[in-house]
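Each chain is listed here by its residues.
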Amino acid sequence: QKEVEQDPGPLSVPEGAIVSLNCTYSNSAFQYFMWYRQYSRKGPELLMYTYSSGNKEDGRFTAQVDKSSKYISLFIRDSQPSDSATYLCAMIGQGAQKLVFGQGTRLTINP
Amino acid sequence: ETGVTQTPRHLVMGMTNKKSLKCEQHLGHNAMYWYKQSAKKPLELMFVYSLEERVENNSVPSRFSPECPNSSHLFLHLHTLQPEDSALYLCASSQVTSGANEQFFGPGTRLTVL
């Protein structure tokens, strides 16, 4: 079983839709949960991170962590064509150095 | 220059060549990383340097040889590579603390081995 599972997609939605991206994980030691966005031919860019369970909002983006279910989500409201990218979840234990990444979900927002 | 820079951005090499990838971070971080990104696979951590000492080597073949001369620079020396080594090689840096250890990535070097 992979430590982090993420549906690679591709996922295609119309502009303005609410997008839900998800990851599941198996290691209960993970404490920090991150979302990276990677545009084509670029490196991953950190969008936001959450510590332990709960929600975190940043503009149109909301990250949600449910540690009891080992499930994390990223919601994008009012999606824009510029949100088209690959979204990678990543997680890490307290004081650890090794980030564990999901495979990434390729998202396309159609105008 | 800001953030994390990598050179070259693209590299094509034969299996008998020797080349080096360079990474520089301008963030004042104390840890640097090499990752390999292949199609349809998660990012694979190759090497970690913390305070200029290698702390992790995830069973990477010896044809990849890292070098970290100081906290701002990281190299990946390549020799006798195989076609399956073709991938995007990403460098990242972070400030290691007891917290999230957020990593910031460079744009990557797209490597093609013929």
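Residues numbered from 1 in each chain as written. Chains lettered and ligands numbered in written order. Predicted model: local features only at pLDDT ≥ 70, side-chain atom pairs only at ≥ 80, totals over all residues. Heavy atoms only, no water.

Student: Sorry if this is basic, but what is going on with the overall build of chain B here?
Tutor: Within chain B, the regular secondary structure consists of zero helices and eleven strands. The linear arrangement of helices and strands in chain B, starting from the amino end, is β-β-β-β-β-β-β-β-β-β-β. Relative to its length of 114 residues, chain B is compact, with a C-alpha radius of gyration of 13 Å against a globular reference of 13 Å. The principal-axis extents of the C-alpha atoms in chain B amount to approximately 40 × 30 × 30 Å. (Helix = DSSP H or I, 4+ residues; strand = E, 2+ residues; numbered from the N terminus. Rg over C-alpha atoms; globule rule 2.2 N^0.38 Å.)

Student: Would you mind going over the state of the cysteines with me for this structure?
Tutor: Disulfides are covalent bonds that connect the sulfur atoms of two cysteines. What the rule picks out here adds up to two disulfides over all chains. In this model, A:Cys23 is linked to A:Cys89 through a disulfide, with the two sulfur atoms separated by 2.0 Å. Given an S-S torsion of about -105°, the disulfide between A:Cys23 and A:Cys89 has left-handed geometry. With A:Cys23 in strand β3 (residues 19-25) and A:Cys89 in strand β9 (residues 85-93), this pair connects stretches of sequence that are 66 residues apart. A:Cys23 gets classed as buried once you look at its relative accessible area, which sits at 1%. A:Cys89 gets classed as buried once you look at its relative accessible area, which sits at 0%. With its sulfur 1.9 Å from that of its partner, B:Cys23 forms a disulfide with B:Cys91. (Disulfide = S-S within 2.5 Å. Buried < 20%, exposed > 50% of the residue type's maximum accessible area, 1.4 Å probe, protein only.)

Student: Looking at this model, I keep getting lost on the pairing of strand β8 (residues 73-79) of chain B. Mind explaining?
Tutor: The two faces of a sheet get side chains in turn, since along a regular strand they alternate between them. Relative to β8(B), strand β3 (residues 18-25) of chain B is paired through seven bridges, and the arrangement is antiparallel. The residue of β8(B) that forms the bridge with B:Lys22 is B:Phe75. (Pairing = 2+ DSSP bridges.)

Student: Where do I start with the pattern of salt bridges in this structure?
Tutor: Where side chains of opposite charge bring their charged atoms close, a pairing between them can arise. All names here are of chain B. One pass over the structure, following the stated rule, counts five salt bridges over all chains. Here Glu-44 and Lys-41 are joined by a salt bridge, their closest N and O atoms 3.5 Å apart. With relative accessibility at 29%, the residue Glu-44 sits in the partly exposed group. Between Asp-85 and Arg-63 there is a salt bridge, and its shortest N-O distance comes to 2.7 Å. With a gap of 22 residues between them, Asp-85 in the loop between β8 and β9 (87-94) and Arg-63 in the loop between β6 (53-57) and β7 (64-70) connect regions that are remote in the sequence. The residues Asp-85 and Arg-63 share a single accessibility class, namely buried. (Salt bridge = Lys/Arg side-chain N within 4 Å of Asp/Glu carboxyl O.)

Student: Just to check I follow, could you spell out the side chain of A:Thr62 for this structure?
Tutor: All names here are of chain A. Mapped onto the secondary structure, Thr-62 falls in strand β7 (residues 61-66). A polar side-chain atom of Thr-62 sits 3.0 Å from a polar atom in the side chain of Arg-77. Apart from the residues lying within four places of it in its own chain, the contact partners of Thr-62 are Lys-56, Glu-57, Ser-73, Leu-74, Phe-75 and Arg-77. (Polar contact = N/O pair within 3.5 Å; in protein donor to acceptor, adjacent residues only side chain to side chain. Contact = heavy atoms within 4.5 Å.)

Student: Could you clarify how one ought to interpret the interface of chain A and chain B in this entry?
Tutor: Many analyses report the size of an interface as the accessible area lost when the parts associate. If you look at the interface, chain A gives 21 residues, while chain B gives 28 residues. Together, the buried faces of chain A and chain B total about 1,800 Å²; carbon and sulfur atoms form 56% of this surface. The largest per-residue losses of area from chain A upon contact with chain B belong to A:Gln97, A:Phe101 and A:Gln103, which jointly make up 32% of the total buried on that side. At the surface where chain A touches chain B, the tally comes to zero salt bridges. (Buried area = accessible area lost by both parts, 1.4 Å probe.)

Student: How do you make sense of the sheet that holds strand β6 (residues 54-58) of chain A when you look at a structure like this?
Tutor: Within a sheet, each strand pairs with its neighbour through backbone hydrogen bonds, oriented either parallel or antiparallel. Within the open sheet, the five strands sit side by side as β1-β3-β8-β7-β6 (chain A). Their pairing is antiparallel. In this open sheet, the two edge strands, each paired with only one partner strand, are β1 (4-5) and β6 of chain A.

Student: What is the right way to look at the environment of A:Leu21 in this model?
Tutor: Residue and element names in this part refer to chain A. Among the secondary structure elements, Leu-21 is positioned in strand β3. Residue Leu-21 is classed as buried on the basis of its relative accessible area, which comes to 2%. As for Leu-21 and Leu-11, which are separated by ten residues in sequence, their C-alpha atoms are 9.3 Å apart. Ignoring anything within four residues of it in the chain, the contact list for Leu-21 reads Leu-11, Trp-35, Ile-72, Ser-73, Leu-74, Ile-76, Tyr-87 and Thr-105.

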